[in-house]
Amino acid sequence: MLKINQTAAVYGALALAAGCAGGDGDRTMDEPLGSAQQSIASSTHQFAGDYLKNVPTTDGRTQWSSVVINNPNPTPATVTLTIHRNDGTGALAVLSKTIPARGWYNSYGQPDWLGATETDPVNHRSTGWIELTADVPVVANNRLDVRTGTTFNSPVALFNDAPFLKSPSLRLFSPYFLRKWPTGTSGVTQWTDVTVNNPNAAPAHVTVRVHKIDGSGVHATRNVTVPAKGSWSSYGKPEWLNIPPTDPGNGGAIGWIEVLSDAPVVASSRLAMRSGATYDASPILLDDSGFQAGAAHTLRAPLFLKGSTAGGTSTQWSHPVVVNPNPTPATINVVVRRPDGSLPDLASFSRTIPAMGWWNAFGDASWSSAAGPIGWTEITASHPVFGLNRVMFRDGNTASSPFKLFDDEPLDQTTASQSFATFYLKKWPSTAGYRQWTDLVVNNPSSYPATITVRIHKVDGSGDLTFFTRQIAGRGMWRSGADPEWLSLPASDSANGRSVGWVEITSSSPVIGLNRVNLRSGDTPSSPVVLFEDTVLQGDIGAACDPIGPGVFCARTTEETASSQAHGAT
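Predicted model only: the values in this text are computed from it and were never measured. (Residues numbered from 1 in each chain as written. Predicted model: local features only at pLDDT ≥ 70, side-chain atom pairs only at ≥ 80, totals over all residues. Heavy atoms only, no water.)

So what's going on with the overall build of the chain? Residues and values would help.
Along its length, the chain carries four helices and 33 strands. When the 570 residues of the chain are sorted by exposure, 58% land in the buried category. Once local pairs closer than 6 in sequence are excluded, the contacts in the chain between residues at least 24 apart make up 75%. Taken as a whole, the chain presents about 20000 Å² of accessible surface, with 54% of it coming from carbon and sulfur. (Helix = DSSP H or I, 4+ residues; strand = E, 2+ residues; numbered from the N terminus. Buried < 20%, exposed > 50% of the residue type's maximum accessible area, 1.4 Å probe, protein only. Contact = heavy atoms within 4.5 Å. Areas by Shrake-Rupley, 256 points an atom, 1.4 Å probe, with all protein chains shown as cover.)

This is the structure in structure tokens:
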């Protein structure tokens, strides 16, 4: 999540929900959730909740979306992108693309992408949602840009990267419901909205539940019908805005969200931080994230940050939020690992989360006492849970220093031996004079060392820009920002000393990780960070891996075979 010109304090206090509870309509109360009670992810049929072209924000800026699709296969990929109308009455565009083997497709600035039928032709605007089908597994990302102008390449003020959604489900979760919720900065409030997309040929009947964070019940329920191939958004809807406050004294509401449907759907949540106390006040920040289609007994966050330097006077801080979507309490064990995997851990403690409630690490004494400045987090639970990790930039060296930037990412529920990042960027130009740089984090949850191969693919599929291997200690992590060779990798544009590509990571044992995109106001890797976005690595895509198969380390050159054997990869 990226933001602009904002100083704020994190909302993250453990508030008790209070107020009226809505009825459950015709839905039954929840049954226990098992780890296997999840939808099946598909990398050949994926979805993005929004297609936006020149759509205004309330302060006169405009929103634009673009997609990047990576083909990790040794053969070309045939991809169809259908941009649906939100009312389900037809398609705004159907685009067919052939992506070269190990190349990418980027819709940014493409005439056919920008030329989709306009839903508001008078103002040359379009809104819709996106369905992707492919003949082989692919990796897809939807980028939202907020721009200070009315063209696709106007100066960027804000951006957010979100992986396409791969798991339509009858039950979906999001950690946040926020309405007029304070941030600690006077006059700035947080608001969430929900978008539900129905990829089916018949209408979907959906119930949206807002749960109290202390587990004391359902705070509100809203029933909606989403048209076939259509979409529903809560933004501006009276039935959404009139959900009672949980804090009647201040008019704010906090909770977490559950979506139930009679047909498999996908859903996204938008968090808006607004300079005012109304749902349509000027947005300071917009963040889109997909609802989660399941829960797990083990969750992981690739980054634990406690006062880690971020340039100048900025420091980084993190904390997880964990939700228990079960009708019985869940006990969680929280362990903060050291970067080198050594013992003792930076922190280790247990908490009990009430049935249908949550635990927020912000302000928790044991979390606050963890040693810093950097590590990663592993959470095991007696019942399947889900959650997110919040990373904050603060202007100062304490956990209460003024807020500058933040990003929320889902806690990882799976590990993989083959993972992907949509972007590799080095000094790559953006608008407004910014440059884009990426950094990787890879975590090894095994007690034994893992050997990873990091491969930077050229975007045209003509080969690798480079590859290299690293060994990660058991329970340890590798960070490209701490690797002296990272900045000396070959450039794809040697004349200008800059690079664009995408990343594949194969490992001798399953790992997790994330990719960070930094927008910097300068040409060096230490130039001030203006905006940043963390995205969890996408694993278990099921792409062909020659010559062995998906999910298994496989060398592609004699040199790499020798290197992998020397490091013990299989």
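That shown, we press on.
Explain the sheet that holds strand β4 (residues 77-84) residue by residue, including any values.
Pairing within the open sheet is antiparallel, and its four strands lie in the order β1-β7-β4-β5. Looking at the sheet topology across the chains shown, the edges are occupied by β1 (45-53) and β5 (91-99). Each strand of the sheet is rotated relative to its neighbour by a mean of 20 degrees, with strand direction disregarded. Two strands pair when backbone bridges link them, and β4 and strand β7 (residues 126-134) are joined in this way by six bridges, in the antiparallel orientation. For Leu-81, the partnering residue across the bridge sits in β7 and is Leu-132. (Pairing = 2+ DSSP bridges. Axes fitted to C-alpha atoms, helices over the stretch in contact; angles between N-to-C directions.)

I'd like a description of the side chain of Asn-54, backed by residues and values.
Within the element layout of this structure, Asn-54 appears in the loop between β1 and β2 (55-56). A polar contact of 3.2 Å, which involves the side chain of Asn-54, links it to the backbone oxygen of Asn-123. If we ignore the near neighbours within four places in the chain, the residues touching Asn-54 are Thr-62, Gln-63, Trp-64, Asn-123, His-124, Arg-125 and Thr-150. (Polar contact = N/O pair within 3.5 Å; in protein donor to acceptor, adjacent residues only side chain to side chain.)

Before we move on, can you summarise the packing of aromatic side chains with the specific residues and values?
Overall, the coordinates contain 18 aromatic pairs when judged by the stated rule. Note on Phe-47 and Trp-129: the rings are 6.4 Å apart at their centroids and 35 degrees apart in plane angle, and the pair reads as tilted. Note that Phe-47 is positioned in strand β1 and Trp-129 in strand β7, a separation of 82 residues in sequence. No difference in accessibility class separates Phe-47 from Trp-129, as the two residues are buried. Between Phe-393 and Phe-532, the ring centres sit 4.6 Å apart and the planes meet at 20 degrees, which makes this aromatic pair stacked. Highlighted residues: Phe-393 in strand β23 (residues 374-395) and Phe-532 in strand β32 (residues 529-536), separated in sequence by 139 residues. (Phe/Tyr/Trp six-rings, centres within 6.5 Å; stacked < 30°, edge-to-face > 60°.)

Describe the pattern of salt bridges, and please don't skip the residues or the numbers.
Opposite charge on two side chains lets them pair, provided their charged atoms get close. Using the criterion set out here, one finds 22 salt bridges in the structure. A salt bridge links Asp-288 to Arg-270, with the shortest nitrogen-to-oxygen separation between them at 2.7 Å. Of the two residues, Asp-288 is situated in strand β17 (residues 283-290) and Arg-270 in strand β16 (residues 253-274); the sequence distance between them amounts to 18 residues. Each member of the pair Asp-288 and Arg-270 is classed as buried. Note that Asp-364 is salt-bridged to Arg-351, the shortest N-O span being 2.9 Å. With Asp-364 in the loop between β22 (358-360) and α3 (365-368) and Arg-351 in strand β21 (residues 347-353), this residue pair connects regions lying 13 residues apart in the sequence. Since its relative accessible area comes to 24%, Arg-351 is described here as partly exposed. Sharing partners across several salt bridges, the network here consists of Arg-300, Arg-337, Asp-345 and Glu-378. (Salt bridge = Lys/Arg side-chain N within 4 Å of Asp/Glu carboxyl O.)

Quick rundown of unusual backbone geometry? Include the residues and the values.
Following Leu-343, the chain continues to Pro-344 via a peptide bond in cis, the omega torsion being 0 degrees. The topology assignment puts Pro-344 in the loop between β20 (330-337) and β21. Following Gly-372, the chain continues into Pro-373 via a peptide bond in cis, with omega recorded as 0 degrees. If you trace the backbone, Pro-373 turns up in the loop between α3 and β23. In the Ramachandran plot, Lys-180 falls in the positive-phi region, its phi being about 50 degrees despite a non-glycine side chain. Looking at where Lys-180 falls in the secondary structure, it is placed in the loop between β10 (169-179) and β11 (181-182). The class for Lys-180 is partly exposed, based on a relative accessible area of 30%. Of note, the phi angle at Met-356 is positive, near 60 degrees, even though the residue is not glycine. Structurally, Met-356 is set in the loop between β21 and β22. Met-356 sits in the buried class, given a relative accessible area of 10%.

Tell me about the nonpolar core, and please be specific about residues and values.
Counting 24 residues, the largest nonpolar core has Ile-69, Val-79, Leu-81, Trp-113, Ile-130, Leu-132 and Val-138 as the members making the most contacts within it. Breaking this core down by element, the ones donating at least two residues are β1, β3 (62-70), β4, β5, α1 (111-114) and β7. Leaving out residues up to four positions away in the same chain, Leu-81 has contacts with Val-67, Ile-69, Ala-93, Val-94, Leu-95, Tyr-105, Trp-113, Ile-130, Glu-131 and Leu-132. (Core = buried A, V, L, I, M, F, W, Y, C linked by side-chain atoms within 4.5 Å.)

Explain the environment of Phe-393 residue by residue, including any values.
Overall, the relative accessible area of 3% leaves Phe-393 in the buried class. As for Phe-393 and Ala-310, which are separated by 83 residues in sequence, their C-alpha atoms are 7.5 Å apart. In this structure Phe-393 touches Ala-310, Thr-315, Gln-316, Pro-402, Phe-403, Lys-404, Leu-405, Arg-516, Val-529 and Phe-532, once residues within four positions along its chain are discounted.

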